[in-house]
Amino acid sequence: SAVISQKPSRDICQRGTSLTIQCQVDSQVTMMFWYRQQPGQSLTLIATANQGSEATYESGFVIDKFPISRPNLTFSTLTVSNMSPEDSSIYLCSVPTGYGTDYGYTFGSGTRLTVV
Amino acid sequence: KQEVTQIPAALSVPEGENLVLNCSFTDSAIYNLQWFRQDPGKGLTSLLLIQSSQREQTSGRLNASLDKSSGRSTLYIAASQPGDSATYLCAVRPGYGGSQGNLIFGKGTKLSVKP
């Protein structure tokens, strides 16, 4: 399965600032996904990062708040903009692994963000 | 709307005990179900992936079963060790609707194995 390198692993940021999270995959993948895990909650999909086109956002998430870059088939960034304490969460990237319709998902090691 | 529930929310057992974690889902139209492990503040490590046509998968001391018609999966951990302490998440990949990457996760079972 794919190996994902996610950076940074954690950060403490001031409110009103922005943080960019990076994910590097060791193989080419068509789609990459960004998730958020708020404290004590399950994971929620933020958006799908498509190479060569704009990201597709889930309901409740907007591009101005979570701009996504996907310059090639192995790399993506997620920016958390104009942060508030409510943005304190673990952010994870994910890629599908497997073949045909029987694929599962591999996740990065996560970025633990605390906004103060 | 697919919903995934995990019971219990937390579990504490002595080392060496065999244990079962439960996962239920409301819509049987799924491609597959995946069990993950998450250490505190970290990402997810995939443990087992069960396709909708399969009944169980095994990896070492772990065995996961799937009963799609009843909307249930169990993760069996044999001879538990302190290193098994983590949160265990199950997630289903819906068979229709939603974004391709939109796994539906439960809130997890936090397992603590005492030496």
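Basis of the calculations
- Note that residues are indexed from 1 along each chain, following the sequence as it is written.
- To label them, take the chains in the order written and letter them from A, then take the ligands in the order written and number them from 1.
- Note on the predicted model: pLDDT of at least 70 is required for a residue's local features to be given, and 80 or more for side-chain atom pairs to be given and counted; whole-chain, interface and lining totals, by contrast, use all residues.
- For side-chain calculations, the full set of non-hydrogen atoms in the structure is used, while hydrogens and water are omitted.
- Helix numbering and strand numbering both begin at the N terminus, where a helix is a DSSP run of H or I of at least 4 residues and a strand a DSSP run of E of at least 2.
- Buried, partly exposed and exposed residues are distinguished by accessible area as a fraction of the type maximum, computed with a 1.4 Å probe on protein chains only: under 20%, between the cut-offs, and over 50%, respectively.
- Two cysteine sulfur atoms make up a disulfide if the distance between them is within 2.5 Å.
- Two strands pair under a simple rule: DSSP has to find at least two bridges between them.
- Helix axes use the C-alpha atoms of the stretch in contact, all axes being lines fitted to C-alpha atoms, and the angles between their N-to-C directions lie in the range 0 to 180 degrees.
- We define a salt bridge as a side-chain nitrogen of Lys or Arg found within 4 Å of a carboxyl oxygen belonging to Asp or Glu.
- The definition of a nonpolar core used throughout is a set of buried Ala, Val, Leu, Ile, Met, Phe, Trp, Tyr and Cys residues joined through side-chain atoms within 4.5 Å.

### Comments concerning the side chain of Ser42 of chain A
Right, on to step 1. With respect to the element layout, Ser42 of chain A can be found in the loop between β4 (31-37) and β5 (43-50).
Right, on to step 2. A relative accessible area of 17% means that Ser42 of chain A is categorised as buried.

### A closer look at the state of the cysteines
Right, on to step 1. All told, the structure shown has 2 disulfides over all chains when counted by the stated rule.
Right, on to step 2. Here Cys23 of chain A connects covalently by a disulfide to Cys93 of chain A, the sulfurs 1.8 Å from one another. When the S-S torsion is -90 degrees, as for the bridge of Cys23 of chain A with Cys93 of chain A, the disulfide is left-handed. Of this pair, Cys23 of chain A sits in strand β3 (residues 19-25) while Cys93 of chain A sits in strand β9 (residues 89-97), and the two are 70 residues apart along the sequence.
Right, on to step 3. Here Cys23 of chain B connects covalently by a disulfide to Cys90 of chain B, the sulfurs 1.9 Å from one another. Handedness here is read from the sign of the S-S torsion; for Cys23 of chain B and Cys90 of chain B, about 60 degrees, the answer is right-handed. With Cys23 of chain B in strand β3 (residues 19-25) and Cys90 of chain B in strand β9 (residues 86-94), this residue pair connects regions lying 67 residues apart in the sequence.
Right, on to step 4. In this structure Cys13 of chain A is not part of a disulfide, and its nearest cysteine sulfur, from Cys23 of chain A, lies 16 Å away.
Right, on to step 5. Using a relative accessible area of 8% as the deciding quantity, one classes Cys13 of chain A as buried.

### Considerations on the sheet that holds strand β8 (residues 75-80) of chain A
Hydrogen bonds between backbone groups are what pair the strands of a sheet, and the pairing can be parallel or antiparallel.
All names here are of chain A.
Right, on to step 1. Ordered by their spatial adjacency, 4 strands build an open sheet running β1-β3-β8-β7, and the pairing between neighbours is antiparallel. A strand with exactly one partner marks an edge of an open sheet, and here the two such strands are β1 (4-7) and β7 (68-72). Across the sheet, the mean angle from the axis of one strand to that of its neighbour is 15 degrees, orientation sign disregarded.
Right, on to step 2. Bridge analysis of β3 against β8 gives 6 bridges, and the strand direction is antiparallel.

### Observations concerning the pattern of salt bridges
All names here are of chain B.
Right, on to step 1. Throughout the structure, instances matching the rule amount to 3 salt bridges over all chains.
Right, on to step 2. Across the pair Arg61 and Asp84 runs a salt bridge whose closest N-O atoms are separated by 2.8 Å. Separated by 23 residues along the polypeptide, Arg61 in the loop between β6 (56-59) and β7 (62-67) and Asp84 in the loop between β8 (72-77) and β9 bring together distant segments of the chain.

### Here we look at the pairing of β9 of chain A
Looking along a regular strand, one sees the side chains alternate between the two faces of the sheet.
Residue and element names in this part refer to chain A.
Right, on to step 1. In terms of burial, β9 is largely enclosed, as 8 of its 9 residues are buried.
Right, on to step 2. Judged from the 5 bridges that link them, β4 and β9 form a sheet pairing that is antiparallel. Its bridge partner lying in β9, Tyr35 is registered against Leu92.
Right, on to step 3. In this sheet, strand β11 (residues 111-115) lies alongside β9 in antiparallel orientation, the contact comprising 3 bridges. Opposite Ile90, over in β11, you have Arg112 as the bridge partner.

### Digging into the nonpolar core
Right, on to step 1. In terms of nonpolar packing, the biggest core is built from 26 residues, with Trp34, Ile46, Phe66, Ile68, Leu78, Tyr91 and Leu113 of chain A touching the most fellow members.
Right, on to step 2. For this core, the elements supplying multiple residues, two or more each, are β3, β4, β5, β8, β9 and β11 of chain A.
Right, on to step 3. Looking at this core element by element, the count peaks at 4 residues for β3 of chain A.
Right, on to step 4. Counting residues in hydrophobic clusters, the runner-up holds 23 residues, among them Val13, Phe25, Leu33 and Leu66 of chain B.

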